[in-house]
Each structure stands twice: as structure tokens, then as C-alpha cells.
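# A look at the structure
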Amino acid sequence: LEAFFPQFAIMPGRDILPFWVIRMLMMSHLLLGRPPFKYIYCHAMVVDAHGQKMSKTKGNGLSPLDLIDAHGTDALRLTMALQAAVGQDIRVGVNLLENARNFVTKLWNAALYLERQGATATTPLDPTAVKHPVNQWILAELNTAIATIDGAAEGFRFNEWAQTGYQLLWNTFCDWYLELTKPLMQSTDAAVVTETRAVLGAAFETILRLLHPLLPFVTEDLWQHFTAGQRGGSIMRAPWPTALAVPTSGVAEIQWLQRAISALRTMRSELRVPASTALAVLVPKVALNHYQTHAASFSLMAKIGTFAEATRPQQKTDAVVVVDGVQLLVPLEGVIDFAAEVERLQKEIGKIEADLGKVRAQLGNEGFMARAPEATVAEKRAAETSLAANLHQLQQALARLR
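A few points on the structure. Everything numeric here is computed off the predicted structure, so don't read it as measured data. (Residues numbered from 1 in each chain as written. Predicted model: local features only at pLDDT ≥ 70, side-chain atom pairs only at ≥ 80, totals over all residues. Heavy atoms only, no water.)

## A look at the overall build of the chain
We apply this condition: By the criteria applied, helices consist of DSSP H or I runs no shorter than four residues and strands consist of E runs no shorter than two, each listed in order from the N terminus. Burial here depends on accessible area, computed with a 1.4 Å probe over protein chains only, as a share of the maximum for the residue type. Under 20% is buried, over 50% is exposed, and the range in between is partly exposed. None of His or the chain ends enter the tally, which takes Lys and Arg as positive and Asp and Glu as negative. Lysine's charge is taken at NZ, arginine's at CZ, aspartate's at CG and glutamate's at CD.
What the chain contains, in helices and strands, is 14 helices and eight strands. For the chain, the spread of C-alpha atoms along the three principal axes comes to 85 × 70 × 35 Å. Residue burial in the chain is summarised as follows: out of 402 residues, 41% are buried. Side-chain charges in the chain split into 37 positive and 37 negative, and the spacing between the mean points of these groups amounts to 3 Å.

Structure (C-alpha cells):
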């Protein structure tokens, strides 16, 4: 009783509230005069990929041990946590499990990149001394994630915790920070290389601690490797991450760089510019130096070959990209076949318009709506939304080419 009573919280399924939890409360009040826990968190019920309750009769039951053998324990835990929203059932299906398994692979691949760069977390980092904007930015992003995850944990919003950790590793750390560090690790400035290597190790170690309750096995293994077990012997005994005092003078610069790279990537995707083609970009004189400063990152992440001063007016064969009010011109003559692209877009628009017309006809048919199962109607509505969004994007792309 002295060690374990009262507990902080009990987490039952809602189906056993009257059979177990309420009786625990009654017995505790009768014998000890106080409740046995502070909070009751009714977790979601686990259902199949289609939202159906698992049962032997339906034959849709899934064995956790079989799922673990196929996808891994960490992947199964993450699949559950990502959906653990209050009032929402948890669906378990192959696609969701594969997505979580891919996340674990992403975490492992990030560790391989750190190992190739010689980055570890064995030496404590002084965050107040970090100077490069890219390194300041990732530490500031970590602070934001820590605050979000702390609030989610305190409010029992486990899905928010998992989604924040997912985006932090996959998008912020891997898709952006690791890519932005590649030019830095090839820098001739030894101080930049040393600082970046230290921040790589410290940031990754912090992410491992934030993810540990969700992915206990892979995080323990990687943490042992990158810390050499020097911080308590196990990640379970390591302190929970707290916000760092980080200089933020360079954060806005990297946020601008993200917007610029994303805008150029979107243009390439919408106009189907070949991935292997390096583009030239014309920039107003006032912003030219700003873009050239980050030429290595633009080359690596947006396949931009050169930046030059824009000394001529826009032409019909130029793509236009606007970043923070600055208009960039991207000459595409000889890069894409404009006539063929217009024809392709017209055909695709025609097909989507036909598909959208069929779906809307079904949704407007009273007989169909009366007979169709609720799940079928939901699928049709989702298809209508998706088709309408795709049609709008294609129409915009066509307008830009005319």
C-alpha cells in the first residue's frame, strides 16, 4: 500500500467500467476511505481495419502475436498509439501496420546516417553556443515538440503525442534537418562540422527519449549505441527531455528556406518537370544574394542548378513561383513539352469529370441513398471530396500552361 496506493490512473476499456472499475472504487472507499486512483482513462476499443468489432463468428480477429511476428512489436504499439484519440476506436489493419513499420525503418536509417557522420550523444551539448541557423532551427523545433508532447501526455491525448513524434522524426528531422546538414558536413569550416555533428547526436538522442514510451525496443537499442549507456544504463532511467535555451537568431532564415524549397518542389511536381533536370531560376536583384547563399541546399533538395538575376520580363514558357512576395521565374522552354502537357491535362480532367459525375449522380439518387449501407455512402462522399480536389488542382495546372 505504501508503494503503490493510490495509483495515478487506471486505463480500462469502457466495457468493464461497471464490472471492475466501479467495484474497485467502492471497495477502496469502504476499506481505506479514499479512491484508489486519481484518473480513469477509458481507452478505445480495438476493431478491424473496417471498423468492425473483432469476433470469432465473423472471422476478423487478429492475433497480436501474429502481428508482432510480421511487423514488429514497436510497429504494433505505434499503430495503436497513433489512433488513441478520446472517443475513437482503434483500427488495426495491414496498411496501418506497414506504415508504422516503415516509421521504425526510418528511425533506423536516420541512425545509420548519424553513424556515417560520426555523430554520437556521448558528449553533452551546450545549446547556448550553437551558431549555425540550421542547428539553431532543429533545436528550436525540438523545444516546440517537447512542449506539445508534454501537454498531450498530461491530457491523455496519446494520439497527439504519437503524431507529434511521427512528424518530428519523419518530416522535421529526416526530410529537412538531415538533408540540410549534408552541405554542412562537407563544409571546409571545421567549427561548423564539429557543431553540426554534436547537434545531430544531441537532437537524435532527444527524439529517442520522446519516442521511447511508444517504441520501447528500437529506441533502447539505438540509445545504448549512441550514448554508450553512459546516462543511467537504460533509456528508461534517462531524464525526460526539457526545453533547451537555444539562440533563435537563425530560425526565421531556415523557415524561409523551407518555404522556398517547398514552393519550387510543388512547381516541379505540378508541371511534371523530370526529376533529373536541374533548373535555372531568375531572381530579382534585391533577393539574389539571399538565394545564392543557400545554393547547395536548393541544389540538393529542389534540383536547382543556378540562380541568376531576372533582367527580362516574364515569358509564356516561364513558370512563376512566389515566395514571401518575391517572384521567381523558372524558364521551362525545352524542359517540358507544353503542347503535350496541355493535352495530357485535358484528358485527365475529362476522366475525372466523368468519374465525379457518376459519384454525384449516385449521391443524388434517393433510392441509392436509402438502400446503400452507411459505410458505402461514406466511401462515396470521400471519393467525391477527393475527386473534386484533384479536379481543382488539374484545372489550376492547365490554366498556368495557357
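## Observations concerning the layout of surface pockets
Basically, it comes down to this: A cavity here means a set of points on a 1 Å grid, drawn over the protein atoms and nothing else, where a 1.4 Å probe fits but cannot get out; a pocket is an open set with protein on both sides within 12 Å along at least five of seven lines, and a residue lines either one if it has an atom within 4 Å of a point. Grid points are joined across faces, edges and corners, and a volume is the space filled by probe spheres set on the points.
Computed from the structure, the largest pocket encloses a volume of approximately 410 Å³. Around the largest pocket sit 14 residues that line it, and R77, M80, A81, A84 and F158 are the ones nearest its centre. Where the lining of the largest pocket is concerned, the elements lending two or more residues are α3 (73-82) and α6 (158-185). Tallying contributions element by element places α3 first for the lining of the largest pocket, with three residues.

## Looking at unusual backbone geometry
Backbone torsion omega between F5 and P6 reads -5°, so that peptide bond is classified as cis. Summarising the element assignment, P6 is placed in the segment before β1 (7-10). One non-glycine residue, R272, lies in the positive phi region at around 55°. Relative to the helices and strands, R272 is located in the loop between α9 (251-270) and β5 (279-283). A positive phi is found at K303, a non-glycine position, where the angle reads about 55°. Of note, K303 is situated in the loop between α11 (295-302) and β6 (304-309). On the basis of relative accessible area, K303 is assigned to the partly exposed category, the value being 34%.

## As for the packing of helix α7 (residues 190-211) against helix α8 (residues 216-227)
Put simply, the test is: Under this scheme, a helix contributes an axis fitted over its contacting stretch, all axes are lines through C-alpha atoms, and angles between N-to-C directions fall in the 0 to 180 degree range. Here the word oblique covers every angle except those under 35 degrees (roughly parallel), over 145 (roughly antiparallel) and from 65 to 115 (roughly perpendicular). Here a crossing is taken to be left-handed if its near helix is turned anticlockwise relative to the far helix by less than a right angle, and right-handed if that turn runs clockwise. Whether two residues are in contact is decided by their heavy atoms, any of which lying within 4.5 Å being enough.
Closest axis-to-axis distance for the α7/α8 pair is 10 Å, and the angle between their directions is 155°. Our classification of the angle between α7 and α8 gives roughly antiparallel. Here the hand of the crossing between α7 and α8 comes out left-handed. Mapping the contact onto sequence places F204, E205, L208, R209 and L211 in α7 and T219, L222, W223, F226 and T227 in α8.

## A few points about the packing of α3 against α8
Note the cut-off: Any residue outside Ala, Val, Leu, Ile, Met, Phe, Trp, Tyr, Cys, Pro, Asp, Glu, Lys and Arg is labelled polar, Gly included; the first ten of those are nonpolar and the last four are charged.
Interaxial distance between α3 and α8 falls to 7 Å at its minimum, and their mutual angle equals 125°. As the angle between them shows, α3 and α8 are arranged oblique. Contacts between α3 and α8 pair T73, D74 and R77 from the former with P216, F217 and V218 from the latter. A breakdown of the residues in the contact of α3 with α8 according to their chemical character gives three nonpolar, one polar and two charged.

## Side note on the packing of aromatic side chains
Any aromatic ring pair is given by two values, namely how distant the centres are and how the planes are angled relative to each other. Basically, it comes down to this: Two rings belonging to Phe, Tyr or Trp (six-membered ring only in the last case) form a pair when the distance between their centres is within 6.5 Å. Interplanar angles under 30 degrees mark stacking, angles over 60 mark edge-to-face geometry, and anything in between is tilted. In our convention, an over-ring charge means Lys NZ or Arg CZ found within 6 Å of a ring centre and within 35 degrees of that ring's normal.
Under the definition given, this model contains 18 aromatic pairs. Site record: aromatic cluster; members linked through ring pairs are F8, Y39, Y41, F156 and F158. One cation-aromatic arrangement involves K106 over W170; the distance from NZ or CZ to the ring centre is 4.8 Å. Across from the ring centre of W176, 5.3 Å away, lies the NZ or CZ of R265, which sits over that ring.

## Points about the pairing of strand β8 (residues 326-331)
Every regular strand shows the same layout, with side chains that alternate between the two sheet faces. Rule in force here: Paired strands are those between which DSSP finds at least two bridges.
Here strand β7 (residues 318-323) runs beside β8; their pairing, made up of six bridges, is antiparallel. Of the residues in β8, the one forming a bridge with V321 is L328.

## Remarks on the pattern of salt bridges
Applied cut-off: By salt bridge we mean one thing: a side-chain nitrogen of Lys or Arg within 4 Å of a carboxyl oxygen of Asp or Glu.
Considering all chains together, one arrives at nine salt bridges under this definition. Across the pair D324 and R259 runs a salt bridge whose closest N-O atoms are separated by 2.7 Å. A residue pair is termed long-range when its members are at least 10 positions apart, and D324 in the loop between β7 and β8 and R259 in helix α9 qualify at 65 residues.

## Points about the nonpolar core
The condition is simple: Nonpolar cores were defined as sets of buried Ala, Val, Leu, Ile, Met, Phe, Trp, Tyr and Cys residues, with membership established by side-chain atoms within 4.5 Å.
Among the nonpolar cores identified, the biggest contains 110 residues, and F173, F204, L264, Y291 and F298 are the most heavily contacted of them. Here the element with the most residues in this core is α6; it accounts for 14 residues.

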